[in-house]
Amino acid sequence: MATLEIDCPVCAEVLELTDEDRAELHPGDVIVCDSCHAEMEVTRNGGGEDFELELLGILTVCPACGEEFDVTEELLAASPTLEAGDGSAVSVVTCPHCRARIELEFEDEGGGEGLSDLRS
């Protein structure tokens with residue numbers, strides 16, 4: 001049985017999909033990375049290597065209220081970027097549940113971005 005290996009675009013974790021797994025996936029279905037909880041939508045699922053995913057968001061937990069929410073590209077694009085006390089760049093997003101302002105720091109991890117810190 002053939003296995004397709006795909007690198008998560010966020011954390012670079014290898015996602016393995018068997019032929020059986022792929023037979024159940026259709027464009028529009030969502031795959032969640034076990035490592036970083038990034039959500040990816042299947043955009044193409046043909047034979048062999050003909051398979052594509054599009055990043056939807058990164059599931060994270062608000063440090064203020066403990067509720068989960070997706071950090072999407074749209075949310076990040078609408079959020080201001082500030083310089084943290086240690087000189088790193090952080091995006092400031094608002095929790096959709098409790099409205100707390102949260103600093104998200106991303107760092108480059110093996111060719112992809114990874115969520116490294118949450119501060120409210």
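Structure first, text after, so check above.
Attention in this report is confined to the structure presented alongside it. Computed from a prediction, not measured in an experiment: that's the story for all the values here. (Residues numbered from 1 in each chain as written. Predicted model: local features only at pLDDT ≥ 70, side-chain atom pairs only at ≥ 80, totals over all residues. Heavy atoms only, no water.)

As paired strands, strand E7 (residues 81-83) and strand E8 (residues 89-94) are joined by three bridges and run antiparallel to one another. Residue pairing in the sheet places glutamate 83 in a bridge with alanine 89 of E8. Here E7 folds back onto E8 in antiparallel fashion, the turn holding five residues, of which glycine 87 has a positive phi close to 90 degrees. (Pairing = 2+ DSSP bridges. Helix = DSSP H or I, 4+ residues; strand = E, 2+ residues; numbered from the N terminus.)

Position of cysteine 65 among the secondary structure elements: in the loop between strand E5 (51-61) and strand E6 (68-71). When the C-alpha positions of cysteine 65 and histidine 97 are compared, they lie 7.7 Å apart, and in sequence the two are 32 residues distant. The residues contacting cysteine 65, other than those within four sequence positions of it, are Cys95, His97 and Cys98. (Contact = heavy atoms within 4.5 Å.)

What follows deals with the nonpolar core. The biggest cluster of nonpolar side chains holds 17 residues, and the ones touching the most others in it are Cys8, Cys33, Cys36, Phe69 and Ile102. Put simply, the parts of the chain that give this core at least two residues each are strand E4 (38-45), E6 and strand E9 (101-109). Ignoring anything within four residues of it in the chain, the contact list for cysteine 33 reads Cys8, Cys11, Glu13, Leu15, Ala38 and Met40. (Core = buried A, V, L, I, M, F, W, Y, C linked by side-chain atoms within 4.5 Å. Buried < 20%, exposed > 50% of the residue type's maximum accessible area, 1.4 Å probe, protein only.)

Here cysteine 11 shows up in the loop between strand E1 (3-7) and strand E2 (14-18). By relative accessible area, cysteine 11 is classed as buried at 17%. For the pair cysteine 11 and cysteine 33, spaced 22 residues apart in sequence, the C-alpha to C-alpha distance is 8.8 Å.

A few words now on the sheet that holds strand E3 (residues 30-32). What the four strands build is an open sheet, ordered E3-E4-E5-E6; its pairing is antiparallel. Looking along the sheet, the strands with just one partner apiece sit at the ends: E3 and E6. This sheet shows a mean twist of 35 degrees between the axes of neighbouring strands, independent of strand direction. Where E4 meets E5, seven bridges bridge the pair, whose relative direction is antiparallel. Counted as the bridge partner of asparagine 45 is phenylalanine 51 from E5. (Axes fitted to C-alpha atoms, helices over the stretch in contact; angles between N-to-C directions.)

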